[in-house]
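# Architecture at a glance
Spelled out from the first residue to the last, the chains are:
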Amino acid sequence: MVASAETLTLHREATAFLVALRSKGRSVNTERAYAGRVALYLNYCQGRRLVWAAPTFLGLAGLQRWLVSEPLPARSPRTAGRPRFRSQTTANAVMTVVSGFLRFGAAHGWVAPATVALLSEPKTLWHLPPGYDVGEDGQWRLVDKAAFRFELTDPGYQDLSPEQIAVMISSARTARDRFLIALLACTGLRIGEALGLRQEDLHLLASSRVLGCGTAGPHLHVRRRTNNPNRALAKSRRPRTVPVTADLVALYADYQYERDSIIGAAGTGMVFVNLSRPPVGRPMSYPNTKAMFDRLARTAPHAFRPHMLRHSAATTWLRGGVDRDVVQRLLGHVSPLSMERYRHVDDAETRQAVEHVQALLGRP
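Here goes a summary of the coordinates provided. Not measured: the values here are computed from a predicted model.

The rules behind the values
Residues numbered from 1 in each chain as written. Predicted model: local features only at pLDDT ≥ 70, side-chain atom pairs only at ≥ 80, totals over all residues. Heavy atoms only, no water. Helix = DSSP H or I, 4+ residues; strand = E, 2+ residues; numbered from the N terminus. Buried < 20%, exposed > 50% of the residue type's maximum accessible area, 1.4 Å probe, protein only. Contact = heavy atoms within 4.5 Å. Areas by Shrake-Rupley, 256 points an atom, 1.4 Å probe, with all protein chains shown as cover. Axes fitted to C-alpha atoms, helices over the stretch in contact; angles between N-to-C directions. Parallel < 35°, antiparallel > 145°, perpendicular 65-115°, else oblique. Left-handed = near helix turned anticlockwise from the far one by under 90°. Core = buried A, V, L, I, M, F, W, Y, C linked by side-chain atoms within 4.5 Å. Pairing = 2+ DSSP bridges. Polar contact = N/O pair within 3.5 Å; in protein donor to acceptor, adjacent residues only side chain to side chain.

## Considerations on the overall build of the protein chain
Of regular secondary structure, the protein chain possesses 13 helices and five strands. Here the protein chain, with 364 residues, has 41% of them falling under the buried criterion. Across the protein chain, contacts joining residues at least 24 apart in sequence account for 57% of those joining residues at least 6 apart. Total accessible area computed for the protein chain in this model is approximately 21,000 Å², and 56% of it derives from carbon and sulfur atoms.

## Quick word on the packing of helix α6 (residues 162–171) against helix α7 (residues 175–187)
Following both chains from N to C, one finds α6 and α7 inclined at 160 degrees, their axes separated by 8 Å at the closest point. In terms of their interaxial angle, α6 and α7 are classed as roughly antiparallel. Judged by the twist between their axes, the crossing of α6 over α7 is right-handed. Along its contact with α6, which presents I165, M168 and I169, the element α7 presents R178, I181, A182 and A185.

## A closer look at the nonpolar core
By size, the foremost hydrophobic cluster in this structure holds 50 residues, and its most contacted members are L180, L220 and F272. Breaking this core down by element, the ones donating at least two residues are α6, α7, α8 (191–195), β4 (219–222), α9 (246–260), α10 (286–297), α11 (306–319) and α12 (324–331). Top element by residues in this core is α7. It accounts for seven residues. For L180, the residues in contact, after removing those within four places along its chain, are I191, A194, F272, M284, T289, M292 and F293. Judged by nonpolar contacts, the second largest core, of 34 residues, contains Y41, C45, M95 and F101.

## Focus: the sheet that holds strand β3 (residues 202–203)
Reading across from one edge, β3-β4-β5 is the order of the three strands in this open sheet, with antiparallel pairing throughout. The sheet terminates laterally at β3 and β5 (240–243), the two strands that pair on one side only. Sheet topology note: the β4/β5 ladder contains four bridges and is antiparallel. Note that in β5 the partner of V222 across the bridge is R240.

## Some points on the side chain of H203
Tracing the backbone through its elements, the reader meets H203 in strand β3. Among the polar contacts listed, one links the side chain of H203 to the backbone oxygen of E200, at a separation of 3.1 Å. Reaching out from H203, the side chain makes a polar contact with the side chain of H221 at a distance of 3.3 Å.

## Description of the side chain of S236
Structurally, the position occupied by S236 is in the loop between β4 and β5. Relative accessible area serves as the criterion here: at 12%, S236 is assigned to the buried category. A polar side-chain atom of S236 sits 3.2 Å from the main-chain amide nitrogen of R238.

## Some points on the pairing of β4
Residues H219 and H221 line one face of β4 and the alternating positions L220 and V222 line the opposite face, and both faces are buried. Examined bridge by bridge, β3 and β4 share two bridges and lie antiparallel to one another. Opposite L202, over in β4, you have L220 as the bridge partner.

## Some thoughts on the environment of H311
Tracing the backbone through its elements, the reader meets H311 in helix α11. Expressed as a C-alpha distance, the spacing of H311 and Q158, which sit 153 residues apart in the sequence, is 7.1 Å.

## So, unusual backbone geometry
In this structure, the amide linkage connecting P278 to the following residue, P279, adopts the cis form with an omega of -5 degrees. Mapped onto the secondary structure, P279 falls in the loop between α9 and α10. Here T56, not a glycine, exhibits a phi torsion of approximately 70 degrees, which is positive. In this structure, T56 sits in helix α3 (residues 56–69). Phi at R231 is positive, roughly 65 degrees, even though this residue is not glycine. Assignment of secondary structure puts R231 in the loop between β4 and β5.

None of this, on its own, says anything about what the molecule does.
Below, the structure written as structure tokens:
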């Protein structure tokens, strides 16, 4: 929820916006991020005597500039002399939430339509995404574009090499952490899907017919549940089955031995539980998971985040020649357009392509 900084009372419109997100089944992480961004906008307006429901074009443009020019608070006294700033990517994410909040307000009569009209501008699509239909007369080539958005060069999605993943697994302190990292890298699950797994979802025998499941071989089931005690939520509403390897089954066996020694763990059916952080034995939460990944990242010469393992799995499958439809099903994507982000072309592939053509033409 979002409260007024002056009176500490709940901001009625912002709270309604967040409640609407929850009613749509958004994850707790999404709700938390949106709450912080809406609060940032409201504080900005309050500090500059702007009416949040009628910010004007100059007010929104000023917010966009302020987001990348205002120094962030120092993380510790040691870093106080090295100011940090938000990236343009982060600023774009904030402006997207602000736009959604204002549009929500317009739908409920709190924001004037003229304010919403400031949020977008027309754009003609010259380079069309695969499968996009422009209409018989090209009428859908003209689309609305966000007016307050930095133009960025797509940096692509970060992934990790198999060697880097192996190092991170070996660096993990516990069998649970080793199993979690390997699970994400092997299956491409989202972190919310992994934390939402229950023991009944893991069918790790050669045959699961005794469990009433006809899927052959070791596998797991990804199911969307809204009643998980750790509030983990699978993004996709469609359940899916993902095969797992014998190596992953072995890592799970190691973790089970570790898990069985934790008092209270037997009382929850969730796969991942807290081993040392309170409450011990209860389902592992998003903050505890982030702390684990942050701790490992400090020991590595590269970034290390849960979603990078998902991208790594998808990239490895595609480079290995796995059909795109199969990868789409493994990842739980509904639209094939979602697959475009995962195909990374590296320097080795470009060199191989040029040398292949040279070999066909004959060397000079």
